[in-house]
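Summary of structural features
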Amino acid sequence: MPDAGVFAELERFLDLPRVAGLTLSPDGSRLVATVSVLSGDRKKYVGSLWQVDPAGEQPARRLTSSDNGESGAVFTPDGSLLFLSDRPVPDAADAEDEHRTAVWQLPAAGGEATRVLAAPGGIADLAAARSAGTLVCATSVLPGAAGADDRELRKARRDRGVSAVLYSDFPLRHWDHDLGPAEPHLVTPGADGTDGTDLTDLTAEPGRALDNASYDVVPDGSAVVTTWAVPRGPGELRNQVRVIDVATGQVRVLLDDEHADYGSVAVSPDGQWVVAGRESWPTYTEPSDTTLCLVPLASGEERDLLPDLDRWPAAPVWAPDSSAVYATFDDVGRGRIVRVERESGAVTVLTGDDGVYSAVCPHPDGDRLFALRSAVTGPPAPVVLDARAKDQQPTPLRGPAEPPELPGRLTEVAAVADDGQPLRAWLALPHDAGADRPAPLLLWAHGGPESSWNQWSWRWNPWLLVANGYAVLLPDPALSTGYGIEFHQRGWGSWGDKPYTDLMTVTDVAVARPDVDEDRTAALGGSFGGYMANWIAGHTDRFKAIVTHASLWALDQFSGTTDVPAYWQTQFGDPAQHPERYEQHSPHEFAHRLGTPMLVIHGDKDYRVPVGEGLRLYWQLVKSGVEAQFLYFPDENHWILKPGNVIAWYDTITAFLATHVLGEPWQRPQRL
């Protein structure tokens, strides 16, 4: 087998730098990215800020360094660089305060960073006014507390050993963390403080209204535009968009629709307009749909910016002259950047390659865009594009990390579903796969389900399996993004129908290739992909092995224990009143058909798909006499994140597949 490079050893793969986030200085001369690498003890990833030359001439250089890392870079109008870090503070009055995440500032001329804003609940996010530099941050505050009182209440809880949280409504948790007892607030520096701890609370007693909020500051610093969650029904919240006056604290509602959610708000550079994402609320029969809406900041009717786009736009940013909005969206296994003219609504799709784009940064000259480009074949890296040309190829910049050499090649597979719908998938193959050496096939079902196999993944990386000699099939079945609302509708509320048959149809095409071994196949998936793996286990014996991670097994049980039961039951209904979809599409209803060897993986701290799903599935396999193993992570959540656990995760999967797909003797991973 040819040399698989960094993918041949997990330790080398984990050593690869990971680039995320991109921000541009107001004058366009400095471009900053966040780069994460393994800590010295190799137990976590630590971020640092790196400067990338916008001209593409000079190599990237490191700006910050600390054991605790940095993230969340934001420029101020004078060119200073703000960032978040929980680096220790010399002579901190409170030992707890010493290690809380705070706002630090690196002067434009260089020098040592200094802490400029801190809060007892730490700082979770920050934004700065484009012209005035007014800083607005997100922090958490205990109910009924303000300023110093919050610090005292936190200390009292610690001193008394209180960890309990009293809830009065949903939600309680989100993905991987508890929401209480503290509540998110928006704050700005007070007038009297000299050490950054005097804060003005802009959002007194918000409750859960600012969980996962998107907000932006008006250029002159006079107001904050933010999403604001309000009740929609029992256990349900929906987002409005509100404007908060910084001087008076007065609040007004800018966007509100009881049938929609708003998010991703951005204020135009001239301070006259607000653009926001708008997602219609799904129903039992109809999935949600997403667009961008435009509204005058002063007040007025919203306008759909992309009424004819049958895709889901995201992450809007303004052109520097406020004449247009840029956004990104998934598109047939790729990603696109689109430019939308504010007045005419004219749309230009700027990118035509196989990449997916994020962190779009328009240059103040209006002629260039900077962004991070990712693809199935390469991790995120900075690029530059023309701000107006259509269907272009990006120009790479000299980023902080070189792309790794892949151990194989990528091709595309096309198929047609039983209802005539065109289907497609990426297929990653070892370099030496051919008719004389067909590769065993792994079918990987993606999570979501509103997702697409269209970009690099550090968690589910196909090239690590390709380096072990496998071909990896990455299909986008019904419910995937980037194919239009009708494609999504095909699987709505019926996960075991078209999503399953689409996967099998694409697999049929893949195994018919001469470079793929039809007799040695396995199926893998996590989250929704884990649901599909479990469904596959009860509906076909074509695979030699199945790996299921963070998977849904008993849908009626899951519907009340997930962190978002109201959203889930919007699609599947209340199991007591509408049991049909649960009975027809719950994998546990087909437990009597299980027979394929299965590896079940789950983290105990998973709140989106609680660990009870994995435990119940594993018990069903054991009592049914099906060959199975359970890989359990007591300190991980929906995602396996700690480097040592990542190695154990991949080691166990490859050992399990080697036994059941390749026919090799079982070898217990050494780290387990």
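Residues numbered from 1 in each chain as written. Predicted model: local features only at pLDDT ≥ 70, side-chain atom pairs only at ≥ 80, totals over all residues. Heavy atoms only, no water.

**Details of the overall build of the chain**
Stated formally: Only DSSP runs of H or I covering at least 4 residues are called helices, and only runs of E covering at least 2 are called strands; the numbering of each starts at the N terminus. In this analysis, two residues are considered to be in contact whenever any of their non-hydrogen atoms come within 4.5 Å of each other. Note on areas: Shrake-Rupley with a 1.4 Å probe; residue coverage comes only from the protein chains shown. Charge assignment: positive for Lys and Arg, negative for Asp and Glu; neither His nor the chain ends contribute. To locate a charge, the coordinates of NZ of Lys, CZ of Arg, CG of Asp or CD of Glu are taken.
For the chain, the helix and strand inventory stands at twelve helices and 38 strands. Its C-alpha atoms give the chain principal-axis dimensions of roughly 70 × 55 × 50 Å. The contacts in the chain between residues at least 6 apart in sequence include a share of 55% that link residues at least 24 apart. Total accessible area computed for the chain in this model is approximately 27600 Å², and 48% of it derives from carbon and sulfur atoms. Across the chain, 55 positive and 93 negative side-chain charges occur, with their mean positions spaced 3 Å apart.

**Overview of helix 11 (residues 612-623)**
Going by this rule: Expected helix span is taken as 1.5 Å per residue step, with the number of steps being one fewer than the number of residues. Only protein chains enter the accessibility calculation, which uses a 1.4 Å probe; a residue whose area is less than 20% of its type maximum is buried, one above 50% is exposed, and one in between is partly exposed. In this description, one arc is meant: the one made by directions from the helix axis to the C-beta atoms.
Taking 1.5 Å per residue as the helical rise, helix 11 with its twelve residues ought to reach 16 Å, and the 16 Å between its terminal C-alpha atoms agrees with that figure. All buried positions along helix 11 are accounted for by Glu 613, Gly 614, Leu 617, Gln 620 and Leu 621. All buried residues of helix 11 project into a common sector of 125° when viewed along the axis, lining one side. Exposed side of helix 11, more than 90 degrees from the buried face: Trp 619 and Lys 623 are the residues found there. Of the surrounding secondary structure, the elements contacted by the buried residues of helix 11 are helix 7 (528-537), strand 36 (545-549), helix 8 (555-561), strand 37 (598-603) and strand 38 (628-633). Downstream of helix 11 by a residue or two, Gly 625 has a phi angle that is positive, lying close to 75°.

**Considerations on the pattern of salt bridges**
Spelled out, the test is: A side-chain nitrogen of Lys or Arg and a carboxyl oxygen of Asp or Glu constitute a salt bridge if their distance falls within 4 Å.
Going through the model one piece at a time under the given rule, you end up with 32 salt bridges. Arg 311 is the salt-bridge partner of Asp 331, the closest N and O atoms lying 2.8 Å from each other. Here Asp 331, found in strand 24 (residues 324-331), pairs with Arg 311, found in the loop between strand 22 (303-304) and strand 23 (314-318); they are 20 residues apart in sequence, far enough to count as distant. Using a relative accessible area of 16% as the deciding quantity, one classes Asp 331 as buried. Owing to a relative accessible area of 18%, Arg 311 belongs among the buried residues under this scheme.

**Focus: the sheet that holds strand 7 (residues 102-106)**
Rules: Pairing between two strands requires that DSSP report at least two bridges joining them. Axis definition: a line fitted to C-alpha atoms, limited for helices to the stretch in contact. Angles are taken between N-to-C directions and run from 0 to 180 degrees.
Spatial strand order, 5-6-7-8: four strands in an open sheet with antiparallel pairing. In this open sheet, the two strands that pair with only one neighbour each are strand 5 (71-75) and strand 8 (114-117). On average, adjacent strands in this sheet sit at an angle of 35° to one another, irrespective of strand direction. Summarising the sheet, strand 5 and strand 6 (residues 81-85) pair through three bridges and their orientation is antiparallel. In the sheet register, Ser 71 faces strand 6, and the bridge partner there is Leu 84.

**Here's the deal with the sheet that holds strand 24**
The strand order across the open sheet built from four strands is 23-24-25-26, with neighbouring strands paired in antiparallel fashion. Only two strands of the sheet have a single partner each, and these edge strands are strand 23 and strand 26 (347-349). Across the sheet, the axes of successive neighbouring strands diverge by a mean angle of 25°, strand direction being ignored.

**Regarding the packing of helix 6 (residues 498-511) against helix 7**
The test is simple: What sets the label is the angle itself: under 35 degrees gives roughly parallel, over 145 gives roughly antiparallel, 65 to 115 gives roughly perpendicular, and the rest give oblique. Residue type decides the class: Asp, Glu, Lys and Arg count as charged, Ala, Val, Leu, Ile, Met, Phe, Trp, Tyr, Cys and Pro as nonpolar, and the leftover types, Gly among them, as polar.
Running from N to C, helix 6 and helix 7 cross one another at 75°; their axes reach a closest spacing of 11 Å. Comparing the axis directions of helix 6 and helix 7 gives the class roughly perpendicular. Contact with helix 6, carried on its side by Pro 499, Tyr 500, Leu 503 and Met 504, involves Phe 528, Met 532, Trp 535 and Ile 536 of helix 7 and no other residues of that element. Its residues placed into classes, the contact of helix 6 with helix 7 shows eight nonpolar, no polar and no charged.

**Section: the pairing of strand 29 (residues 378-386)**
Note: strand 28 (residues 368-375) against strand 29, seven bridges, orientation antiparallel. What sits directly across from Arg 368, in strand 29, is Asp 386. Adjacent in sequence and paired antiparallel, strand 28 and strand 29 are bridged by two residues.

**Here we look at the side chain of Thr 596**
Mapped onto the fold, Thr 596 is located in the loop between helix 10 (580-585) and strand 37. In this structure Thr 596 touches Thr 540, Asp 541, Phe 543, Lys 544, Ala 545, Ile 546, Val 626 and Glu 627, once residues within four positions along its chain are discounted.

**Focus: unusual backbone geometry**
Here the amide bond leading from Phe 170 into Pro 171 is cis, since omega sits at 0°, within 30 degrees of zero. Summarising the element assignment, Pro 171 is placed in the loop between helix 3 (148-160) and strand 11 (173-174). Here Gly 448 and Pro 449 are connected by a cis peptide whose omega angle stands at 0°. Topologically, Pro 449 is positioned in the loop between strand 33 (439-445) and helix 4 (462-466). Residues other than glycine seldom take positive phi values, yet Ala 315 does so here, at roughly 50°. Relative to the assigned elements, Ala 315 resides in strand 23. Of note in this structure, Val 332 is not a glycine but carries a positive phi near 50°. Classification of Val 332 as partly exposed rests on a relative accessible area of 31%.

**Quick look at the packing of aromatic side chains**
Operational definition: Paired rings are identified among Phe, Tyr and Trp, the last through its six-membered ring, by centres lying within 6.5 Å, and are further divided according to the angle between planes into stacked (under 30 degrees), edge-to-face (over 60) and tilted (the rest). Any Lys NZ or Arg CZ that is within 6 Å of a ring centre and within 35 degrees of that ring's normal is treated as a charge sitting over the ring.
Taken as a whole and judged by the stated rule, the model has 22 aromatic pairs. Measuring from centroid to centroid gives 5.0 Å for Trp 444 and Trp 460, while their planes differ by 90°, and the two rings are edge-to-face. Here the residue Trp 444 occupies a position in strand 33, and Trp 460 occupies one in the loop between strand 33 and helix 4, the gap between them amounting to 16 residues. The burial state of Trp 444 is the same as that of Trp 460; both residues are buried. Aromatic pair Trp 535 and Phe 590: ring centres 5.0 Å apart, planes at 75°, arrangement edge-to-face. Of the two residues, Trp 535 is situated in helix 7 and Phe 590 in the loop between helix 10 and strand 37; the sequence distance between them amounts to 55 residues. Above the face of the Trp 104 ring, Arg 87 is positioned so that its terminal group lies 5.1 Å from the ring centre. Directly above the ring of Phe 487 sits Arg 490, whose terminal nitrogen or CZ lies 5.2 Å from the centroid.

**What about the environment of Asp 53?**
Threshold: Any pair of N or O atoms that falls within 3.5 Å is considered a polar contact. Within protein, one atom must be able to donate a hydrogen and the other to accept it, and sequence-neighbouring residues count only if both atoms are side-chain atoms.
Mapped onto the secondary structure, Asp 53 falls in the loop between strand 3 (45-52) and strand 4 (61-62). In this structure the C-alpha to C-alpha distance between Asp 53 and His 259, which are 206 residues apart in sequence, comes to 45 Å. Looking at Asp 53, its side chain comes within polar contact range of the main-chain nitrogen of Ala 55, at 3.0 Å.

**Observations regarding the side chain of Arg 18**
Note on placement: Arg 18 falls in strand 1 (residues 18-24). Comment: no salt bridge for buried Arg 18; closest opposite-charge side chain is Asp 15, at 9.2 Å. Reaching out from Arg 18, the side chain makes a polar contact with the side chain of Tyr 45 at a distance of 3.0 Å. If we ignore the near neighbours within four places in the chain, the residues touching Arg 18 are Phe 13, Thr 34, Val 35, Ser 36, Tyr 45 and Trp 458.

**Quick notes on helix 12 (residues 643-660)**
Over its 18 residues, helix 12 extends 26 Å from the first C-alpha to the last, a length consistent with the 26 Å expected when each residue adds 1.5 Å. With 17 of 18 residues buried, helix 12 lies mostly within the body of the structure.

**Some thoughts on the environment of Asp 515**
Residue placement: Asp 515 occurs in the loop between helix 6 and strand 35 (516-526). Judged by its relative accessible area of 7%, Asp 515 falls in the buried class. Sequence separation of Asp 515 and Thr 481 is 34 residues, and the distance between their C-alpha atoms is 29 Å. A polar side-chain atom of Asp 515 sits 3.4 Å from a polar atom in the side chain of Arg 409.

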